[in-house]
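# Descriptive analysis of the structure
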Amino acid sequence: MGPGGVPFHTVWKRTRIDRPRVMVLCDVSGSVAPVAHFLLMFIYALADVLAGIRSFAFSNTTIEVSDLLARHDIDQAAERVMQAAGFGASDYGRSLAAFADLALGAITRDTTVIVLGDARGNRNEPRVDLMQAIFARASRVIWLNPEPRALWGSGDSDMPRYQPYCHQATSCNTLDQLERVMDEMLRSQR
């Protein structure tokens, strides 16, 4: 009788769903030139599906390309990215330092960082400390390397140095491999 004959009052609670935050760092240097368009298409498709993705491209300079990908179709965007940052000699250490300056403060426990590149730094300092800092801050660090795993560590490849600071590191240079990686990534998020 206290609530006027109504056994209970319904109360609707809004559950806030945090959307995943994604940052992508993409190598567009000369060593990945044959697959650079493929990697940029991946970022473009990802940005189309996930709102708020931040995308960066580098070779010997690092730039944020989120706006380019949002304003242009994939062919125009890829051309502009390659003009601005493509085909140089990659320096992963310098690129990670620039990425840290641009985005490290925005990486939180809700952020997934995806690195697309072959980890060939032309014998420059790899700055593994920065990869470790990204790993410590992010929810997940995923490295998609277009080279076969057998080539990791050969020549000027620093992939074995970076791999301990990745939750997932895999070879990915075909659509089938990309689909498998994305399925695994989505399955692990559930």
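These remarks concern the structure in this document. Note that this is a predicted model, so its numbers are computed, not measured.

The rules we used
- Residues numbered from 1 in each chain as written.
- Predicted model: local features only at pLDDT ≥ 70, side-chain atom pairs only at ≥ 80, totals over all residues.
- Heavy atoms only, no water.
- Helix = DSSP H or I, 4+ residues; strand = E, 2+ residues; numbered from the N terminus.
- Expected span 1.5 Å × (residues − 1).
- Buried < 20%, exposed > 50% of the residue type's maximum accessible area, 1.4 Å probe, protein only.
- Arc of directions from axis to C-beta.
- Polar contact = N/O pair within 3.5 Å; in protein donor to acceptor, adjacent residues only side chain to side chain.
- Contact = heavy atoms within 4.5 Å.
- Axes fitted to C-alpha atoms, helices over the stretch in contact; angles between N-to-C directions.
- Parallel < 35°, antiparallel > 145°, perpendicular 65-115°, else oblique.
- Left-handed = near helix turned anticlockwise from the far one by under 90°.
- Nonpolar A, V, L, I, M, F, W, Y, C, P; charged D, E, K, R; others polar.
- Disulfide = S-S within 2.5 Å.
- Pairing = 2+ DSSP bridges.
- Right-handed = clockwise from strand over helix to strand, strands pointing away.

With that settled, consider helix H3 (residues 74–85). Because each turn of an α-helix spans 3.6 residues, side chains separated by three or four positions end up pointing in the same direction. Taking 1.5 Å of rise per residue, 12 residues should cover 16 Å, and H3 covers 16 Å from first to last C-alpha, within 8% of that figure. Those residues of H3 that fall on the buried side of the exposure criterion are Ile74, Ala77, Ala78, Val81, Met82 and Ala85. Projection of H3 onto a plane perpendicular to its axis shows the buried side chains occupying an angular sector of 130°, all on one side. Facing away from the buried surface of H3 by more than 90 degrees, the exposed residues are Asp75 and Gln83. Where H3 begins, one side-chain oxygen reaches toward the backbone nitrogen of Asp75, 3.0 Å away; that side chain belongs to Asp73. Where H3 terminates, the next one or two residues include Phe87, which has phi positive at roughly 70°.

Further remarks concern the side chain of Asp158. Mapped onto the fold, Asp158 is located in the loop between strand E5 (140–145) and helix H6 (159–162). With a relative accessible area of 9%, Asp158 lands in the buried category. Setting aside anything within four residues of it in sequence, one finds Asp158 in contact with Ala119, Gly121, Asn124 and Pro126.

With their axes 10 Å apart at the nearest point, helix H1 (residues 33–49) and H3 run at an angle of 120° to one another. Between H1 and H3, the angle falls in the class oblique. With respect to the hand of their crossing, H1 and H3 are arranged in right-handed fashion. Contacts from Ala36, His37, Leu40, Met41 and Tyr44 of H1 reach H3 at Ile74, Asp75, Ala78, Val81 and Met82. Grouping the amino acids of the contact of H1 with H3 by side-chain chemistry returns eight nonpolar, one polar and one charged.

The term disulfide refers to a covalent linkage connecting the sulfur atoms of a pair of cysteines. Under the criterion given, the structure shown has zero disulfides. Just so you know, Cys26 is unpaired, no disulfide at all, and the nearest cysteine sulfur is the one on Cys172, 11 Å from it. In this structure Cys166 is not part of a disulfide, and its nearest cysteine sulfur, from Cys172, lies 14 Å away.

On a regular strand, one side chain projects to one face of the sheet and the next to the other, so that they alternate. For strand E1 (residues 21–27), the buried fraction is high: six of the seven residues fall into the buried class. Inspection of the sheet shows E1 paired to strand E4 (residues 111–116) by six bridges, in the parallel sense. Opposite Cys26, over in E4, you have Leu116 as the bridge partner. Bridging between E1 and strand E2 (residues 54–58) involves five bridges; their strand directions are parallel. In the strand pairing of E2, Asp27 is matched with Phe58.

Even without being glycine, Ala119 reaches a positive phi, approximately 60°. Here Ala119 is to be found in the loop between E4 and helix H5 (128–137). Overall, Ala119 belongs to the buried group, its relative accessible area being 0%. Unlike most non-glycine residues, Asn122 shows phi in positive territory, near 55°. Tracing the backbone through its elements, the reader meets Asn122 in the loop between E4 and H5. On the basis of relative accessible area, Asn122 is assigned to the partly exposed category, the value being 38%.

Counting buried positions along E4 gives six out of six residues, so the element sits mostly inside the fold. By the alternation rule, side chains of E4 split into Thr111, Val113 and Val115 and Thr112, Ile114 and Leu116, which are all buried. Both E4 and E5 contribute to a ladder of five bridges, which runs parallel. Bridge pairing in E5 links Val113 to Val141. The parallel pair E4 and E5, bridged by H5, forms a crossover whose chirality is right-handed.

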